Amino acid sequence: MTVTISWQEASTRRLERQFLANPASQGASGSLGAAAVPDIVSTMLGAHAQVLSAAELSIGVRSSGLTRADVRTALWDDRSLVKTHGPRGTVHLLPTRELPLWTAALTAIPSGAGPFAPDVRVTDAQAEEIVVAIGDALDGVYLTIDELGEEVVARTGPWAGDLVMPAFQDMWPRWRQVMHRAGQAGALCFGPNRGRKVTYTRPPHFDPLPPAEAMAELVRRYLHAYGPSTPPYFAKWLAAPDGWAARLFREMAAEGAIEEVDFEGAPAWVVAGDTSFPSSGWKGVRLLPYFDSYVIAAQPRQSLFPGRAYRRALAGGQAGNYPVLLVDGVAAGVWHQRRQGRRTTVTVEALGRLTARQERELDKQVQRVGEVLEVRPELVRGEVTVGPHA
């Protein structure tokens, strides 16, 4: 008999598994510290880090004590985190120990022709040559983008440096269209800033998992964190072809690795045997930053962003462009913070009236934002006038 799962049941389990319903807390040994950061990021399947402060906040709100300093210690000192190109080719924080999984899985995803004109694109052979050149150039050093460009052109040829890519009222060299591939392949990651300049380096050397093994493990981990889900939702999360994802799910179902359930009246998938869900819904308030993994991956969007929230908290249907006020597991408003020195003003725009309990929880969440970012916060209630993040 097919198991039937409601949105409320799925939402509650996702929140629990994301450390959002019950943030990670210190044990008998004391403070969580930077050692706990990779474990939290692992459960998230990566923290989106195009805006590093948003990644720090995503991780921090999933704990009762971590701050941005702990995240930065894990990233730059312990090197237990790496900042690189992850799902969808976007910048993420990933546990360093999981690079064998991520690089094998991400490089196994079929890619299309790309957005560039034919005379701008590189061939597959050229792309591979650039990735190797990037890895060789960054091994054991930290380079700015201009320094890296010089090294890549010296190792490949003048064609890689042709200024053919339109970007931000400028033209970039041809080789830069392959940077995300280099990150996904484990040839490149971000280093500490050199003043105001970004630097790049190569992550520790490792052996990737076999591609099929890595992809199957990624599906299982995705369904554990965000299931029930479907091939199109999985494809959207990875920016992968729908047909490829459908074939992958069929193969795993045939092997007995995943099983079908009824999710809100439609077929969806969970890890085989992972059909236990909470019977009661989660009640609480959370402030989630730009591009938080939960709002990006949890589907269907119409359930996570009900009613007015779909129009207000999404940008053209795209999640993550606004920081979200989460109430009882669904988007119920947006928020924005404006930092000035050691203080930050947190403006919250709720789309409905909050109860007295929810107001108290909101106050606590604003305080938690301040703790994570190591500033003194002030809550302001009103319309958020800042537009969506690009």
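Shown above is the structure to which this text applies.
Residues numbered from 1 in each chain as written. Predicted model: local features only at pLDDT ≥ 70, side-chain atom pairs only at ≥ 80, totals over all residues. Heavy atoms only, no water.

Novice: Before we go on, may I ask you to explain the overall build of the protein in this structure?
Specialist: Of the regular secondary structure elements, the protein holds 15 helices and 15 strands. Projected onto the principal axes, the alpha-carbon positions of the protein cover approximately 65 × 55 × 45 Å. Across the protein, the fraction of contacts at a sequence separation of at least 24, relative to all contacts at a separation of at least 6, is 65%. For the protein, the accessible surface area stands at approximately 17,300 Å², while carbon and sulfur atoms represent 51% of it. Computed over 41 positive and 41 negative side-chain charges, the separation of the two mean positions in the protein equals 7 Å. (Helix = DSSP H or I, 4+ residues; strand = E, 2+ residues; numbered from the N terminus. Contact = heavy atoms within 4.5 Å. Areas by Shrake-Rupley, 256 points an atom, 1.4 Å probe, with all protein chains shown as cover. Lys, Arg positive; Asp, Glu negative; His and termini not counted. Charge placed at Lys NZ, Arg CZ, Asp CG, Glu CD.)

Novice: Could you clarify how one ought to interpret the nonpolar core in this entry?
Specialist: The tendency in soluble globular proteins is for nonpolar side chains to be buried side by side. One finds Phe234, Trp237, Leu238, Trp244, Leu287, Tyr294 and Phe305 to be the most contacted residues of the largest nonpolar core, which totals 86 residues. Once you skip the residues sitting within four places of it in the chain, Phe305 turns out to touch Val295, Tyr310, Ala313, Leu314, Ala319, Val324 and Ala331. (Core = buried A, V, L, I, M, F, W, Y, C linked by side-chain atoms within 4.5 Å. Buried < 20%, exposed > 50% of the residue type's maximum accessible area, 1.4 Å probe, protein only.)

Novice: Explain the pairing of strand 12 (residues 324–327) to me, please; I cannot follow it from the model alone.
Specialist: Across a regular strand the side chains alternate sides, sitting on one face of the sheet and then on the other. Residues of strand 12 alternate between two faces, with Val324 and Leu326 on one and Leu325 and Val327 on the opposite face, all of them buried. Relative to strand 12, strand 11 (residues 285–288) is paired through four bridges, and the arrangement is antiparallel. Directly across from Val285, in strand 12, lies its bridge partner Val327. As judged from the four bridges shared by strand 12 and strand 13 (residues 330–340), these two strands associate in the antiparallel manner. Opposite Val327, over in strand 13, you have Val330 as the bridge partner. (Pairing = 2+ DSSP bridges.)

Novice: Mind showing me how you'd approach the sheet that holds strand 11 here?
Specialist: One open sheet accounts for five strands, arranged 11-12-13-14-15; its pairing is mixed. Sheet topology places strand 11 and strand 15 (376–381) at the edges, where each strand pairs with a single neighbour. Neighbour-to-neighbour, the strand axes of this sheet turn through a mean angle of 30°, independent of strand direction. Lying on the sheet, helix 15 (residues 356–373) is in contact with strand 11, strand 12, strand 13, strand 14 (343–350) and strand 15; it crosses strand 11 at an angle near 35°. (Axes fitted to C-alpha atoms, helices over the stretch in contact; angles between N-to-C directions.)

Novice: How should the layout of surface pockets be read in this particular structure?
Specialist: Over the atoms, a rolled probe matching the size of one water molecule traces out where space is still vacant. What the second largest pocket holds in volume is close to 220 Å³. Around the second largest pocket sit 13 residues that line it, and Val51, Ser53, Ala54, Tyr290 and Gln337 are the ones nearest its centre. Of all the elements in the fold, those that place two or more residues in the lining of the second largest pocket are helix 3 (52–60) and strand 13. For the lining of the second largest pocket, the element with the highest residue contribution is strand 13, accounting for four residues. Tallied by class, residues from the lining of the second largest pocket come to eight nonpolar, three polar and two charged. (1 Å grid on protein atoms, 1.4 Å probe; cavity = no way out; pocket = protein on both sides within 12 Å on 5 of 7 lines; lining within 4 Å. Points joined across faces, edges and corners; volume = space filled by probe spheres on them. Nonpolar A, V, L, I, M, F, W, Y, C, P; charged D, E, K, R; others polar.)

Novice: What should I look at first to understand unusual backbone geometry in this one?
Specialist: If a residue is not glycine, its phi is most likely negative; likewise, a peptide bond is most likely trans. Gly227 connects to Pro228 through a cis peptide bond whose omega is 0°. Tracing the sequence through the fold places Pro228 in the loop between helix 9 (211–226) and helix 10 (231–238). Omega for the bond connecting Gln299 with Pro300 falls within 30 degrees of zero, at 0°, which places this linkage in the cis form. Within the fold, Pro300 resides in the loop between helix 12 (293–297) and helix 13 (301–304). Of note, Ala239 is a non-glycine position whose phi angle comes to about 60°, a positive value. Relative to the helices and strands, Ala239 resides in the loop between helix 10 and helix 11 (242–254). On the basis of relative accessible area, Ala239 is assigned to the exposed category, the value being 53%. Phi is positive for Asp328, which is not a glycine, with a value near 55°.

Novice: What is the right way to look at empty space enclosed by the protein in this model?
Specialist: The full count for this structure, using the stated rule, is one cavity of 30 Å³ or more. The volume enclosed by the largest cavity comes to roughly 60 Å³. Along its surface, the largest cavity is lined by Met44, Leu45, Gly46, His48, Arg88, His92, Trp237, Phe291, Asp292, Ser293 and Ile296.

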